[in-house]
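Listed here are the chains, written in short residue letters.
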2 protein chains.
Amino acid sequence: MRKELSRLIELDREVGLLAHIDALLGWDQQTFMPSKAVDERSEQIAYIESLAHDKLVAPEIGELLASLGSTTAAPAGDPSLAAREGAYLRVLRREYDRAVKMPTELVGELAGATSLAQAAWIEAREKNDFPAFAPHLERMIELKKRQAACLSDGKGSGEADASPYDALLDLFEPGGTEASIALVFSGLRRDLVALLGTIRSRPQVDDSCLHRPCPAERQAAVSAWLMGLLSYDESRGRLDTVAHPFTTTLGVDDVRITTRYLEDFFPSSLFSTVHEAGHALYEQGIAPGPEYARTRLHDASSMAVHESQSRMWENMVGRSGTFWKGNYARLAELSGDTLRGVGPETFVKAINKVEPSLIRTEADEVTYALHVILRFELESELIAGRLAVRDLPSAWNAKMKDLLGVVPPDDASGCLQDVHWSAGLFGYFPSYALGNLYAAQFWSAMKRELPDVDSSIESGNLKPLLSWLRANIHEPGATYLPGELVQRVTGSSLDPSHFVKYLNEKYSRIYDF
Amino acid sequence: MRKELSRLIELDREVGLLAHIDALLGWDQQTFMPSKAVDERSEQIAYIESLAHDKLVAPEIGELLASLGSTTAAPAGDPSLAAREGAYLRVLRREYDRAVKMPTELVGELAGATSLAQAAWIEAREKNDFPAFAPHLERMIELKKRQAACLSDGKGSGEADASPYDALLDLFEPGGTEASIALVFSGLRRDLVALLGTIRSRPQVDDSCLHRPCPAERQAAVSAWLMGLLSYDESRGRLDTVAHPFTTTLGVDDVRITTRYLEDFFPSSLFSTVHEAGHALYEQGIAPGPEYARTRLHDASSMAVHESQSRMWENMVGRSGTFWKGNYARLAELSGDTLRGVGPETFVKAINKVEPSLIRTEADEVTYALHVILRFELESELIAGRLAVRDLPSAWNAKMKDLLGVVPPDDASGCLQDVHWSAGLFGYFPSYALGNLYAAQFWSAMKRELPDVDSSIESGNLKPLLSWLRANIHEPGATYLPGELVQRVTGSSLDPSHFVKYLNEKYSRIYDF
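The structure displayed is predicted, hence computed values, not measured ones. (Residues numbered from 1 in each chain as written. Chains lettered and ligands numbered in written order. Predicted model: local features only at pLDDT ≥ 70, side-chain atom pairs only at ≥ 80, totals over all residues.)

Take the relation of the copies chain A and chain B next. Structural alignment of chain A on chain B gives an RMSD of 0.0 Å, achieved by rotating through 180° and translating 0.1 Å along the axis. A rotation of that kind, with that shift, is consistent with a two-fold axis. Comparing contact sets, 100% of the residues at the interface of chain A also lie at the interface in chain B, consistent with an isologous, same-surface contact. (Least-squares fit on C-alpha atoms with pLDDT ≥ 70 in both. Contact = placed C-beta atoms within 7 Å.)

Set out below in C-alpha cells:
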C-alpha cells in the first residue's frame, strides 16, 4: 500500500475513533446518565464533535487526497484491490469536501439555531402552537438553503436540474436527486393510494389480542429469543431500554440496540427489537477488508440502505405469515398468558392491520410510505421557496386528506409531530420510504437466489437469509453508492414495483381480496 | 479576574472535560461494555489520555503559570479570593510540573512495561509462580526509580532526607514523606499489634448470621435505603453492579458508584455501597466556588483524604452500634428472612469480627492497617534497593508472621495478591491506612463540634454529619494539602492516637475487655 494511503487511513481512523467516543457519550445520555449531568454532557459531546471536525478538515487530509487523486491509476495487481481503493478515496473525498465546504460561521449558526428550534418545537408541539414555531422553521430553512449553496458550490453548475434540495438529500442518500425521487414517489403514491382503497373496502381485522397485558420480563424474554434467532452477536453489542429505541455504533465490535417495554402493547418491543437488530446486523456485518477496517469504508452505504435492513427484518420476516407459521408457538409460550387462545392466523392478521392514521411512527406498512411522501413533497417545496412556512399547516392537512383520507384535528398531531425539521434534517425523510423499496427489491433478488428460504424462515433458521445479506449488502459497507449497490445485487436500478407487488400479495391474503 | 487566570482556567477545564470523558470510557468498560469491544476501547482510552496529557503540557499553560507566578501579590481585595487563587495556582503548577518532567520516552516505557507486568501478574497469581513475575517487578521498580528521579529533579536537592519513594508518594499524598509516614506507622504498628493480641485473648464472636442467603433484589433494596439515608444524590449519579466495586466521576454532576451482590454474603454489598457512597459524597460535595468549578481545584485533597471519607461512612457509621441501634429493624425488614431471629447486638458483633487473615481486601478494621504497613515497609525497601525482588516472598511471609501471626501457604495469597505493584502504583498503599487515621481524627473533631451527633445517627438522621463534612472537608476540594486540611479542621497535625483510641473503645465493647 502506498505510504500516502497508509497515512490517510491513519488520519481517517483517528476521526472514526472520535466518532465512536461520541457515540458512547450519546448512548449513555439516552440510557443511564443521571438527569443533572446533561449540561456537562452537552459540552463533552460538542467538544468531541468539534475535535472530530477539526481532524477531518486537516490540510494534510486534503493534500493526501489530492496527491492520491492525481495518480490516475490505482496500484497495479489485484483489480479488486484497485477498485476498493478507488471506492475508499471517493467516500473519504466526499466527507472531506462536505466538511471543508461548510464555513465555520455557518456551522456555528446552524448549531445555535438548531438548539433554539428544537426547544421551540418541543414547546410548540406541547401547546399546539404552530405560529410560535414558525419563525424558527423559517430560520432553519434559510440556513439549510445556505448550507445547500455551500455544499453544491462548483458541483451543480451547468446541470439544469440540480436543486438546493439535492445537496441536502445527498447527505443521507449519496447520488440521489430530488427529480429521481419525485419520479419514483409519484408512481408509488398512486399505487399505494389504490391499494389502501382496496383494503378499506374490505372488513377490518381484529387486533385486540395485541393490547392484552404482557409483563416487561416476558417481553424481555421474547426480545432475547428473537435476538438469538437473528444471530445478533451479544459479544459485540447489548440491548437496553429507552423511551425512543435506536441503534448506535460505539466501536466496530460494539453495536448496541435499544427497545421499550409497554405492558399494554407488547408488539412495540417485539418489532422495535427486530427493527433495531436489523440495523445492528448491518453494522456488525460490515467488513470491507482488514486494510480498510475502521475507515470511512467501514460504514453503511446510505441511510436508506440502513433502513432497508431494519425494515426487511421487521416487516418481511417479523410480520410474515411464513415466519410465524413455524415460530408462533414459541412466542405464545414465552409471553405467558398474553396470547392464550389466540391462533397464529389471528396474530398475523392483527400485526398487519392497515388503518390510515395521523402519526407516521405508528403507521402500518401500506400507509407508512404515504406519510413519507407527504413530507418529501412538503420539504422540497419549503426548500425551493414554493411553499411559505405560514401555509405549511393547511398544506399538510390538505395532503393528509388527499393521501390518507384523514385530517389532523390539530398541528400537534399534524405538521408538528416530527423532530426532523427542527433538527435541520431536511432531506432525511425520503430514506424511510426508499428503505422499504430497497428492502423489497433486495428481497426479490434473495428469493431468486435462495429458492428454499421460505422453509428455512418457517423453521426459525434465519442464517441462510443473513448469510445472503452479509455477502451482498453488509460486507461491502460504503464501497458502493446505494444506486450502484441495488444494481449489483438485483441487476436493475431502483424499481418500486417490487415493493408494490410485495404489498399486494401480502395484503390480498390478510384482507382476502 | 486577570485575563491570564481566566485563560488558564479555560485550558484547565478542557483537560478536565477530557478526564471526565475518559472516566465514562472506563466506567462503561467495567459495567456494560460487550466483551469483544475491549481492543478498540483500550485504543479510545489511550487516545483520550494522550490528548489530555498533550493539552496539560501545552507551552501556553507553562507560560501562563510563569506569568501568574511572577506577580507576587495576588489580586487586591477579598483576601479569601487571593488565597483561593494561590491554592489554585499551586495545584495546577504541581500537576503541570509533574507532567512536563516526565520524558515522553519514559511515559511510553512505563505504559508498555505496565501492560506486560499486569498480564504476567494475572498469570503468575493464577499459577502461584512468583519467579515468573519477578523480572517484570524488577523492571517496574527500575522504571519507577527513573520516574522518581525525573519528578524530584531540582526539588529534593539539598534535602538530606528526600528519597525516591517521596516523589512517588507525592503522586497520591501531596506533601507526605516516607520519613513522616514511617514515624506514624511505627507507633500505629505497635498499638495495633497490642490491640490484636488483647482481642485474640478473648472469646471469638459468632458471625454465622452474615452468611445466610439473601437474594440480590433484597440486597438492592438495602443499598437503595442506605443511599437515601446518606443523601447520595441520584440525580447526580447512579448505582450499578460490577465484580470489583469502585466510584468514578464522569462530570461534576455525574458521580457513579458500584456494588456487588453476593447471595451468600450480603455484607459485601451493604458495606461496598456505603464505602463507595462515602467516596461519592465527597466528590458530589466539592464546591470551590463557581469561578473554579471544573478546574483542578474541583478535586479531592488526596487519595488518603478520599479514603477517609469512604472509611468513615463504612466503619464509623456503618459498623457502629449507634447507627444499628436505631436502624437495624429496617435492615432486618428489607433483607427478608435473612436476619430472622438475629438481634442488633449479635449483628453488630458479627460485622465487627476481628480475625487475622491473609488477604488485605477482606481484613477487618484492626488488621487492615497492618496489611498496609507491611506493604509500605516492603515497597519502600524495594524502591530504596535494600530489598531484592527475589527476596520479596520470604520478607513478605516473615512480616505477616510478625504483624498478623499468620503465614500465607503460597505467594498467590501472599505477595502476589494485589494488583498495585504490577500497575506501577508504588506509594499508593499508605493512603489506605492514612485514610483511617484521618477519618478518626476528623471524627473526633466533628464530635466535639456536634455533641448531639450520636442521637442523630441513631435515629437515622445523617444530615448533621454530612453538613459538617461538606463545610469542613468536601467543599474546599483540593484547596488544602492533606496536612493543611487536618490542621485546619482538627487543630493539630496528623495524630494516629485518635484512631487507636477509637478502635480500643469500640473493640472493648465488642470483645468485652
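Still to come is the rest of the account.
The strands that make up a sheet are held in pairs by hydrogen bonds between backbone atoms, and each pair lies either parallel or antiparallel. Residues and elements named next belong to chain A. Taken in spatial order, the three strands line up as β1-β3-β2 in an open sheet, and their pairing is mixed. Because the sheet does not close on itself, it has two edges, and the strands there are β1 (239-241) and β2 (247-251). Across this sheet, the average inter-strand angle for adjacent strands is 30°, counted without regard to direction. Here three bridges tie β1 to strand β3 (residues 254-259), and the two strands are oriented parallel to one another. (Pairing = 2+ DSSP bridges. Helix = DSSP H or I, 4+ residues; strand = E, 2+ residues; numbered from the N terminus. Axes fitted to C-alpha atoms, helices over the stretch in contact; angles between N-to-C directions.)

Most peptide bonds are trans, and most residues other than glycine sit at a negative phi. Despite not being glycine, S231 of chain A shows a phi value in the positive range, around 65°. Here S231 of chain A shows up in the loop between α9 (216-229) and β1. On the neighbour-count criterion, S231 of chain A (16 C-beta atoms within 10 Å) is partly exposed. We note that D512 of chain B has phi near 60°; this positive angle belongs to a residue other than glycine. Exposure remark for D512 of chain B: the 10 C-beta atoms within 10 Å place this residue in the exposed category. (Buried ≥ 20, exposed ≤ 12 C-beta atoms within 10 Å, placed from the backbone.)

Residue and element names in this part refer to chain B. Contact pair helix α8 (residues 178-200) / helix α20 (residues 497-510): the axes reach a minimum separation of 11 Å and the direction vectors enclose 5°. Taken together, the axis directions place α8 and α20 in an arrangement best described as roughly parallel. Along its contact with α8, which presents D191, L195 and I199, the element α20 presents V500, L503, N504 and Y507. By residue class, the composition of the contact of α8 with α20 is five nonpolar, one polar and one charged. (Parallel < 35°, antiparallel > 145°, perpendicular 65-115°, else oblique. Nonpolar A, V, L, I, M, F, W, Y, C, P; charged D, E, K, R; others polar.)

Attention now moves to the packing of helix α1 (residues 3-31) of chain A against helix α2 (residues 38-56) of chain A. Residues and elements named next belong to chain A. Here α1 crosses α2 at 165°, and the two axes come no closer than 9 Å. With respect to α2, the axis of α1 lies roughly antiparallel. Classified by chirality, the crossing of α2 by α1 is left-handed. In this structure, α1 contributes E14, V15, L18, A19, I21, D22, L25, G26 and Q29 to the contact, and α2 contributes R41, Q44, I45, I48, E49, L51, A52, K55 and L56. By residue class, the composition of the contact of α1 with α2 is ten nonpolar, three polar and five charged. (Left-handed = near helix turned anticlockwise from the far one by under 90°.)

Another aspect to go through is the sheet that holds strand β1 (residues 239-241) of chain B. Residue and element names in this part refer to chain B. Within the open sheet, the three strands sit side by side as β1-β3-β2. Their pairing is mixed. Lying at the two open borders of the sheet, with one neighbouring strand each, are β1 and β2 (247-251). Between one strand axis and the next, the sheet turns by 30° as a mean value, whatever way the strands run. Looking at chain direction, β2 and strand β3 (residues 254-259) are connected through four bridges and run antiparallel. By the bridge assignment, T247 is partnered in β3 with I257.

Our focus in this paragraph is the environment of Q118 of chain B. Assignment of secondary structure puts Q118 of chain B in helix α5 (residues 104-127). With residues up to four places along the chain from it excluded, the contact list for Q118 of chain B reads S422 and A423 of chain B.

So, on to the domain arrangement of chain A. How big an interface is tends to be expressed through the accessible area that disappears when the partners come together. Residues and elements named next belong to chain A. Splitting chain A by domain gives domain 1 (3-164) and domain 2 (178-363 + 430-510). Its C-alpha centre places domain 1 at a distance of 28 Å from the equivalent point of domain 2. Each partner contributes residues to the interface: domain 1 has 19 residues there, and domain 2 has 18 residues. Among the elements of the structure, α1 and α4 (79-101) are those that each provide at least two residues to the side of domain 1 that touches domain 2. Counting residues per element, the side of domain 1 that touches domain 2 draws most heavily on α1, at eleven residues. For the side of domain 1 that touches domain 2, the class distribution of residues is eight nonpolar, six polar and five charged. (Domains from an automatic or database assignment.)

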